[in-house]
Structure formats: structure tokens, C-alpha cells
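Take a look at the letters that make up each chain.
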Amino acid sequence: MSAGYALLITIVGCGLAAALEGLCAGRNVKPFFASLKFPPYSAPLWVWSIIGGLYYLLFGFIIYRLLRLENSALRTTAFALVVFMMVVNALTNYIIFRVRNLHLSLIVGCLFPFLDVTLLLLLVQLDTLAAWSLVPYLIYRVYAVWWGYALWKSNRSVAAL
């Protein structure tokens, strides 16, 4: 696929995923965040926005690299996994901010490392640079799972959560 077409698909795909994420979160993100008890070493809401931006840059880079590869079953599998991960990531906002179920969010968050490692294994076979670019995300994922657990634990006495 040409570089221009791959870039266009990447931008549109990430834009749609970000829009879905915003739609799933709804309009009450700040008030809900303000109602929570946070564990130590929690990032403030504005830092989560930066993390979200970096997430889309990283996954956009991976999508672009995958689209530039020759078509193969392995590439199609990796691409489908990335799309699945981005959709589930967006839907998780629905669980957190609309359903307000931190326990279910924790369960989903604990399943993500399996998808992350699967993606890494696919990328190692397809594109070394894309695989290495995923490493900071994998390190972040350790924090994210810990944070999700600590957030749930800190707020499990609240009836709505």
C-alpha cells in the first residue's frame, strides 16, 4: 500500500477510535473523576489525556507500519488485533464513565496484557521497529493494571461503583 493511502487510513482509523472513546465516556468524565478516591501515584485527569494522545500516536504508528507491509495472513491477524484492541479500549470508557463499574473495568483491564503480548509476538515476526515501539506501552500497562486494581479497591465501598 502506498505511504499516502496508509497514512490516510491510519489517521481516519485513529480518529474514529478516539471519537468512539469520547462517545463512550460521555460528558460527565470530570465530575465522575472528582467523586473518586485515588490511589497513591495516580495521574491527574490532564495526564490521562496526554497518555491517551500517546496511545493514539503509538497505535497509529503500528497501524501505519502494518499497512505498509506486504499483505499476509500474519499481517491481517495483527491488523485485526490492533483494531479489536482499540475498539475494546474505547468501550472500556463506557464501563468506567457511564456504567461506573470499576470492578468490571478492572477485569477487562486485566485481560488486556494477554492481547498486548499477542500483538508483540505478531509484531516481532512482522516488523521489529513496530515491536520495539510497543515496549513503552507494555511498561505502562503494568502501571495501568495496578492503578485499575488500586482504584477499584479504594472505591469499592461506594455503592455506584
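Quick notes on the rules
- Residues numbered from 1 in each chain as written.
- Predicted model: local features only at pLDDT ≥ 70, side-chain atom pairs only at ≥ 80, totals over all residues.
- Heavy atoms only, no water.
- Helix = DSSP H or I, 4+ residues; strand = E, 2+ residues; numbered from the N terminus.
- Buried < 20%, exposed > 50% of the residue type's maximum accessible area, 1.4 Å probe, protein only.
- Polar contact = N/O pair within 3.5 Å; in protein donor to acceptor, adjacent residues only side chain to side chain.
- Contact = heavy atoms within 4.5 Å.
- Axes fitted to C-alpha atoms, helices over the stretch in contact; angles between N-to-C directions.
- Parallel < 35°, antiparallel > 145°, perpendicular 65-115°, else oblique.
- Left-handed = near helix turned anticlockwise from the far one by under 90°.
- Nonpolar A, V, L, I, M, F, W, Y, C, P; charged D, E, K, R; others polar.
- Phe/Tyr/Trp six-rings, centres within 6.5 Å; stacked < 30°, edge-to-face > 60°.
- Core = buried A, V, L, I, M, F, W, Y, C linked by side-chain atoms within 4.5 Å.

### A few points about the side chain of T92
So, point 1. Mapped onto the fold, T92 is located in helix α4 (residues 73–99).
So, point 2. The class for T92 is buried, based on a relative accessible area of 11%.
So, point 3. Looking at T92, its side chain comes within polar contact range of the main-chain oxygen of V88, at 2.8 Å.

### A word on the environment of F33
So, point 1. Locating F33 in the fold gives a position in helix α2 (residues 29–35).
So, point 2. F33 sits 20 residues away from G53 along the chain, and the two C-alpha atoms are 19 Å apart.
So, point 3. Among all residues touching F33, those that are not within four sequence positions of it are F38, L45, W48, F97 and W147.

### What to know about the packing of helix α3 (residues 45–68) against α4
So, point 1. The geometry of α3 relative to α4 is characterised by a closest axis approach of 10 Å and an angle of 160 degrees between their N-to-C directions. Regarding the angle of α3 to α4, the classification is roughly antiparallel. For the pair α3 and α4, the crossing hand works out as left-handed. Contacts between α3 and α4 involve Y55, Y56, F59, I62, I63, L66 and L67 from the former and R75, A78, F79, V82, M85, M86 and N89 from the latter.
So, point 2. Considering only residue class, the contact of α3 with α4 consists of twelve nonpolar, one polar and one charged.

### A few points about the packing of aromatic side chains
So, point 1. The tally for this structure, following the rule as stated, stands at 13 aromatic pairs.
So, point 2. With a centroid separation of 5.4 Å and 45 degrees between ring planes, the pair formed by F33 and F38 is classed as tilted.
So, point 3. Relative accessible area serves as the criterion here: at 11%, F33 is assigned to the buried category.
So, point 4. Relative to F59, the ring of Y55 lies with its centre 4.6 Å away and its plane at 35 degrees, an arrangement referred to as tilted. With Y55 and F59 both in helix α3, this residue pair falls four residues apart, about one helical turn. For the pair Y55 and F59, a shared accessibility class is recorded, and that class is buried.
So, point 5. Members of the aromatic cluster, each reached through a chain of ring pairs, are F32, F33, F38, W48, F97, Y143, W146 and W147.

### Some remarks on the nonpolar core
So, point 1. Ranked by size, the top nonpolar core spans 28 residues in total, and within it F59, I62, V82, M86, L119 and L123 carry the most contacts.
So, point 2. Elements supplying a minimum of two residues to this core: α1 (3–25), α3, α4, α5 (102–126) and α6 (128–133).
So, point 3. Not counting residues within four places of it along the chain, the set of residues in contact with F59 comprises V82, M85, M86, L119 and Y137.
So, point 4. One finds F32, L36, A43 and F97 within the second-largest nonpolar core, a separate group that totals 14 residues.

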